[in-house]
Amino acid sequence: MRRGVGVLALLLLLAGLGTGGFYLYYGRLPWEAPPPPPPPPPVAAAPTPAPVELPPPTLTGEAPQAETPGQPIATLVNFERAVKAKRAADLTWEEARPQMPPFEEDAVRTLEQASATISFGPNDLVDVDQNSLVIIKPRKGQGEGNEISLALLSSDFMKGLEAKPAEEQKKEIAAATRGRELTIRPIPASGSVKTRIALKTLPDRTTTVAALSGSLKVVGPKGGEVVLKEKMVTKVDEAGLMATPRLLPSSPELVFPKDGQTYPFLRRSPRIEMSWKPVDRARMYRLVVSRDSSFRKVSVDERVPGTSFQLQNLEAGTYYWRVRAQDPEGFEGAFSAVRSVKTVFNDAPPQLAITAPPEMFVSPLPKIDVRGRTDPGSRVKVNGQKVEVGPDGAFLYPLVLKEGVNLVTIEAVNQAGVSQYGRRLITYKGAKRSASASVTGNR
């Protein structure tokens, strides 16, 4: 009995020790439900980075503010065909756009048969001919008023750079311009006179500067000066020396076709004969034909030794044309006035009205006049014989009749080659029968 009580007391002691250890480890008694798990700790939000200030976007044709400070020096107001431009800080060329604003050291390049007009102010324009590279230079500190500073390089110089990296091209262009810089100072005149300057590079790497309107003082790379009066030109050689000024050829006067003349066609495009009056000292002429009045879509650019040229194979549409003269030294004068011609597809026949003689006419005489009217510019034939047509389309043809019934065929052909026909049956009884009828009638 005593032994059983001792065992029971030992078991109770062990149970109490186990319960106490469980409580110390888990924080609760074995018969108590476990507490719910604690909620997960909140996740800290990641810190938001401070906004980064981005530079404003640079649009094509605008100078980056950090690279090109200051105001534009000029404006590209017009160009024809392929013209490219490059910012001073850039390595690549972009297609030129009207009203692009060149800054200091920017470049404008004209390719084959292209040209560009740069405005340095409301009264100062510079025309750059084909195959040229112009670098816009900063105005000198002692500049006089609307002074223009630039450097002009030849086309073959640029061709030699095409295979080189852009960075090397930039360095060589900068080195070449140091000895090719020109300063042009328009000479003020009484009244408001616009100055127009023409720049051109020749195959021998010389540069020509011409005063198309107004007067100029040109300072060359070596410091020499020349004065160009209106319609005068000077040449700057590769060493930077300037030649004595000389007169430019005058502008040709256009003769034919008249401005706005229309040429209809049906199957083949018409042949248009263009002509102009000769110019003193002109060795040849340059004819330019374009699909637009600003001469950006040039379709014909020809050197013509004479004073006429025949255009053909033109599609329907309106074309604009002008001519300039070139002297034996290669100097070109200003372009002529611009005229337009129009080619239209036309399959409508011309009008044809036969006003005399009437239908089934019996003529007492062996000779009558065939009269009528057609569209101005059309051609007329009577029985296959050409008839002169007046400016208003009226025509007259004296026709000799044979005895009996005469079939008369009149054909009108318009400028497109479309024909319209008319016919008359005219009876002539002959001189003897007419005279006999006259005698019998008198008895």
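Worth saying up front: this structure is predicted, and the values here are computed from it rather than measured.

Cut-offs and rules
Residues numbered from 1 in each chain as written. Predicted model: local features only at pLDDT ≥ 70, side-chain atom pairs only at ≥ 80, totals over all residues. Heavy atoms only, no water. Helix = DSSP H or I, 4+ residues; strand = E, 2+ residues; numbered from the N terminus. Buried < 20%, exposed > 50% of the residue type's maximum accessible area, 1.4 Å probe, protein only. Patch = residues over 30% accessible without salt bridge, like charges linked within 9 Å, V, L, I, M, F, W, Y side chains within 5 Å. Areas by Shrake-Rupley, 256 points an atom, 1.4 Å probe, with all protein chains shown as cover. Salt bridge = Lys/Arg side-chain N within 4 Å of Asp/Glu carboxyl O. Core = buried A, V, L, I, M, F, W, Y, C linked by side-chain atoms within 4.5 Å. Contact = heavy atoms within 4.5 Å. Pairing = 2+ DSSP bridges. Axes fitted to C-alpha atoms, helices over the stretch in contact; angles between N-to-C directions. Expected span 1.5 Å × (residues − 1). Arc of directions from axis to C-beta. Polar contact = N/O pair within 3.5 Å; in protein donor to acceptor, adjacent residues only side chain to side chain. pLDDT = per-residue confidence, 0-100. Phe/Tyr/Trp six-rings, centres within 6.5 Å; stacked < 30°, edge-to-face > 60°. Lys NZ or Arg CZ within 6 Å of the ring centre and 35° of its normal.

### Thoughts on the environment of Gly390
Item 1. Locating Gly390 in the fold gives a position in the loop between β28 (385-387) and β29 (394-400).
Item 2. For Gly390, a relative accessible area of 22% translates into the label partly exposed.
Item 3. A sequence separation of 14 residues divides Gly390 from Pro376, and the C-alpha atoms of the two residues are 7.4 Å apart.

### Describing a nonpolar patch on the surface
Item 1. Together, Met360, Val405, Leu407 and Leu425 make up a nonpolar patch on the protein surface, roughly 390 Å² of accessible area in all.
Item 2. For Met360, the position within the fold is in the loop between β24 (352-356) and β25 (361-363).

### Looking at the nonpolar core
Item 1. Within the largest apolar cluster, 33 residues are counted, with the highest numbers of intra-cluster contacts made by Ile118, Phe120, Ile197, Leu199 and Val209.
Item 2. Here Leu199 is in contact with Val126, Asp127, Val128, Asp129, Leu150, Leu152, Ile184, Thr208 and Val209, once residues within four sequence places are set aside.
Item 3. Grouped together as the second largest cluster of nonpolar side chains are 18 residues, Val289, Val304, Tyr319 and Trp321 included.

### Thoughts on the sheet that holds strand β13 (residues 225-228)
Item 1. Overall, antiparallel pairing links the 8 strands, which are arranged β3-β2-β4-β7-β8-β9-β12-β13 in an open sheet. Each end of this open sheet is capped by a strand with a single partner; those strands are β3 (94-95) and β13.
Item 2. Its contacts with the sheet put helix α3 (residues 166-177) on β7 (132-136), β8 (148-154) and β9 (181-186), and the angle it makes with β8 is roughly 115°.

### Notes on the sheet that holds strand β17 (residues 261-265)
Item 1. Strand order in the open sheet formed by 5 strands is β17-β23-β22-β19-β20, and the pairing between neighbours is mixed. Either end of the sheet is taken by a strand with one partner, and the two such strands are β17 and β20 (298-304). Looking at each pair of strands side by side, their axes are set apart by 20° on average, direction ignored.
Item 2. The sheet contact formed by strand β22 (residues 317-326) and strand β23 (residues 339-345) spans 5 bridges and is antiparallel. By the bridge assignment, Trp321 is partnered in β23 with Arg339.

### With respect to the pattern of salt bridges
Item 1. For the structure shown, the criterion picks out 18 salt bridges.
Item 2. The salt bridge partner of Asp106 is Arg87, with a shortest N-O separation of 2.6 Å. Of the two residues, Asp106 sits in the loop between β3 and β4 (107-110) while Arg87 sits in the loop between β2 (83-86) and β3, which places them 19 residues apart along the sequence. The burial state of Asp106 is the same as that of Arg87; both residues are buried.
Item 3. With a closest N to O distance of 2.5 Å, Glu332 and Arg303 form a salt bridge. Pair noted here: Glu332 is in the loop between β22 and β23 and Arg303 is in strand β20, with a separation of 29 residues, a long-range link.
Item 4. Three or more residues are tied together by salt bridges with common partners; here these are Lys200, Arg303, Arg324 and Glu332.

### With respect to the side chain of Arg109
Item 1. Within the element layout of this structure, Arg109 appears in strand β4.
Item 2. Arg109 gets classed as buried once you look at its relative accessible area, which sits at 15%.

### Considerations on the side chain of Thr207
Item 1. Mapped onto the secondary structure, Thr207 falls in strand β11 (residues 207-213).
Item 2. If we ignore the near neighbours within four places in the chain, the residues touching Thr207 are Leu152, Arg180, Leu182, Lys200, Thr201, Thr234, Lys235 and Val236.

### Section: the environment of Asn414
Item 1. Tracing the sequence through the fold places Asn414 in the loop between β30 (404-413) and β31 (419-428).
Item 2. For Asn414, a relative accessible area of 6% puts it in the buried group.
Item 3. Sequence spacing of Asn414 and Phe265 is 149 residues, and the spatial spacing of their C-alpha atoms is 8.9 Å.

### Here we look at α3
Item 1. The end-to-end C-alpha separation of α3 is 17 Å, in line with the 16 Å expected for 12 residues at 1.5 Å each.
Item 2. All of the buried residues in α3 are Gln169, Ile173 and Thr177. Within α3, the buried residues cover an arc of 60° as seen down the axis, which keeps them to one side.

### Quick look at the environment of Gln261
Item 1. Among the secondary structure elements, Gln261 is positioned in strand β17.
Item 2. Here the alpha-carbon distance between Gln261 and Thr318, two residues 57 residues apart in the chain, equals 9.8 Å.
Item 3. Each residue touching Gln261, except ones within four places of it in the same chain, is listed here: Phe256, Ser340, Val341 and Lys342.
Item 4. Reaching out from Gln261, the side chain makes a polar contact with the side chain of Tyr263 at a distance of 3.4 Å.

### Describing the confidence of the model for the chain
Item 1. Looking at the chain as a whole, the pLDDT averages 80, with 77% of positions reaching at least 70.
Item 2. Mean pLDDT across the secondary structure elements of the chain bottoms out at helix α4 (residues 431-442), with 48, and peaks at strand β16 (residues 254-256), with 95.
Item 3. Note that pLDDT drops below 50 for residues 49-68; the model gives that stretch 14 contacts with residues more than four away or on any other chain.
Item 4. When the criterion is pLDDT under 50, residues 436-443 qualifies, and its contacts beyond four places in sequence or with other chains add up to 0 contacts.

### Overview of the packing of aromatic side chains
Item 1. All told, the structure shown has 1 aromatic pair when counted by the stated rule.
Item 2. Above the ring of Trp93, the side-chain terminus of Lys86 is found at 5.8 Å from the ring centroid.
Item 3. A cation over a ring is seen here: Arg324 above Phe335, with NZ or CZ 4.3 Å from the ring centre.

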